Amino acid sequence: MLQDALAQAGYPRHLLVACSGGPDSLALAAVAAYFARRGHVGGHSVTVGAVVVDHQLQEGSAHVAAETARVLQELGLAPVDIRTVTVDGTGLGPEAAAREARHAALEAAAQDQGADAILLGHTLDDQAEQVLLGLARGSGTRSLAGMRPVRGKLLRPFLGLRRADTEEICAVEELDPWHDPSNSDPAFARSRTRVEVLPHLEEKLGPGVAESLARTASILQLDADYLEDVAESTFASLVERNGLELSLPEDALRGLAPAIRFRVIAKAAADVGGQQPSYQRLLAAEALLRRQGSAGPVELPGGVSVYRLSLAQREGSKDAGVPAAQGSPGSVPRGGARCGKLVFRPQKPPAK
């Protein structure tokens, strides 16, 4: 499985295993160590290092990190780095903040080691949990597509394995993995999904639920990739720029399939510095297409205003990107034109 993943990634020369000391990542480290001892994968030279991220979220975390690093060194991985991070939960939930800090540490370690790929130990169970959490949040295709086997330097070769398989690998290799207590802490939604929800579904619906959820993610990844490609090319063909703001022709937007139209609007918001809008905010922005005359603004996350500029106002203004009459900040004068364009404008920073 790892060999196939490395072949698809073009046989990276130096691998970095991200290892917490848990059964999944420790099993992955053991498999990677096999190729490190051989010195090649399918005839292609390879070296394998590792990184242990200490989130400092639990008492004794430094000891766990040091012990994990010792085990990795005994497996033959080199170099083995320990990265200590501070998790800042300001504006983020604890899980998201820890993930952000961890990924930053992994990227830094990969750069220092000259690693071409970072190996992550996510399993099929993790993928199933991800899909369930996306369903609970009411997320769209991108979220329900789950974790990708390959995303940039990140490789997840164990997405086809169950968690029980990684525990068996550790047993065969006589490794004693660390079990993170937060994985069974009901304070975290992912932990509740792992300990309560997925086992309950398996009990009531029969075995194979996790595999079905993971298969759903794989199918949706194909759909999401196709829709993303179409939306990207459509946005590139429609966008009109005027300084820091941009616009999209209304008639062309109306002619798009809804799945593409919403994605193009989201891309326009991101292009001027915004964040991914919620479905409700996208609906509000898209509703401007059904207004008569100039309308808006609709505020999107990340400080982006979007409004409808009527054809009459466009033709009557010397600068089509700026409303002809200014009222309150961000206001748009009303008109009676039939068609126009949607304008996306980053909000001005507050005056000092």
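Check the entry above for the structure.
The text that follows walks through the structure, step by step, so that each part is easy to find. (Residues numbered from 1 in each chain as written. Predicted model: local features only at pLDDT ≥ 70, side-chain atom pairs only at ≥ 80, totals over all residues. Heavy atoms only, no water.)

## What to know about the environment of Glu-228
Structurally, Glu-228 can be placed in helix 9 (residues 209–238). With relative accessibility at 25%, the residue Glu-228 sits in the partly exposed group. It is 7.7 Å that separates the C-alpha atoms of Glu-228 and Arg-263, two residues lying 35 residues apart in sequence. Apart from residues no more than four positions distant in its own chain, Glu-228 is found in contact with Arg-142 and Lys-267. (Helix = DSSP H or I, 4+ residues; strand = E, 2+ residues; numbered from the N terminus. Buried < 20%, exposed > 50% of the residue type's maximum accessible area, 1.4 Å probe, protein only. Contact = heavy atoms within 4.5 Å.)

## Side note on the sheet that holds strand 12 (residues 304–310)
Sheet architecture is open: five strands sit in the order 9-10-13-12-11, paired in antiparallel fashion. One side of each edge strand has no neighbouring strand; the edge strands of this open sheet are strand 9 (240–242) and strand 11 (295–300). The mean inter-strand angle of the sheet, taken between neighbouring strand axes irrespective of direction, is 25°. Where strand 9 meets strand 10 (residues 245–249), three bridges bridge the pair, whose relative direction is antiparallel. Residue pairing for strand 10: Arg-241 is matched across the bridge by Leu-246. The sheet contacts of helix 9 involve strand 9 and strand 10, and relative to strand 10 the element is tilted by about 100°. (Pairing = 2+ DSSP bridges. Axes fitted to C-alpha atoms, helices over the stretch in contact; angles between N-to-C directions.)

## A look at empty space enclosed by the protein
Summed over the entire model, instances satisfying the criterion amount to one cavity of 30 Å³ or more. Quantified by volume, the largest cavity comes out at close to 30 Å³. Considering the residues around the largest cavity, the lining is formed by Leu-6, Tyr-11, Pro-12, Val-41, His-44, Ser-45 and Val-46. Its residues placed into classes, the lining of the largest cavity shows five nonpolar, two polar and no charged. (1 Å grid on protein atoms, 1.4 Å probe; cavity = no way out; pocket = protein on both sides within 12 Å on 5 of 7 lines; lining within 4 Å. Points joined across faces, edges and corners; volume = space filled by probe spheres on them. Nonpolar A, V, L, I, M, F, W, Y, C, P; charged D, E, K, R; others polar.)

## Looking at the pairing of strand 10
On any regular strand, side chains alternate: one points to one face of the sheet, the next to the other face. For strand 10, the buried fraction is high: four of the five residues fall into the buried class. Once strand 9 ends, the chain turns through two residues before running back antiparallel as strand 10, passing Gly-243 with a positive phi of about 70°. Here four bridges tie strand 10 to strand 13 (residues 340–346), and the two strands are oriented antiparallel to one another. When the bridges of strand 13 are listed, Leu-248 appears paired with Leu-342.

## With respect to the pattern of salt bridges
Applying the stated criterion across every chain yields a total of 23 salt bridges. The salt bridge involving Arg-254 is made with Asp-251; its shortest N-O contact spans 3.9 Å. Residue Arg-254 and its partner Asp-251 are located together in helix 10 (residues 250–254), separated by three residues, close to a single helical turn. The partner of Arg-290 in a salt bridge is Glu-286, with the nearest N and O atoms 2.9 Å apart. Residue classification places Arg-290 among the exposed positions, given a relative accessible area of 55%. Salt bridges sharing common partners tie together Asp-24, Asp-126, Glu-129, Arg-163, Arg-190 and Arg-194. (Salt bridge = Lys/Arg side-chain N within 4 Å of Asp/Glu carboxyl O.)

## Quick word on the sheet that holds strand 5 (residues 80–84)
Read across the open sheet, the six strands follow the order 5-4-1-6-8-7; overall the sheet is mixed. In the strand order of this sheet, the two ends are held by strand 5 and strand 7 (150–151), each with one partner. Bridge analysis of strand 4 (residues 47–54) against strand 5 gives five bridges, and the strand direction is parallel. Within strand 5, the position partnered with Asp-54 by the bridge is Thr-84. Contacts from helix 2 (residues 23–38) reach strand 1 (14–18), strand 4 and strand 6 (117–119), with the element oriented near 160° to strand 1. The strands touched by helix 3 (residues 61–75) within the sheet are strand 4 and strand 5, with strand 4 carrying the most contacts at an inclination of about 170°.

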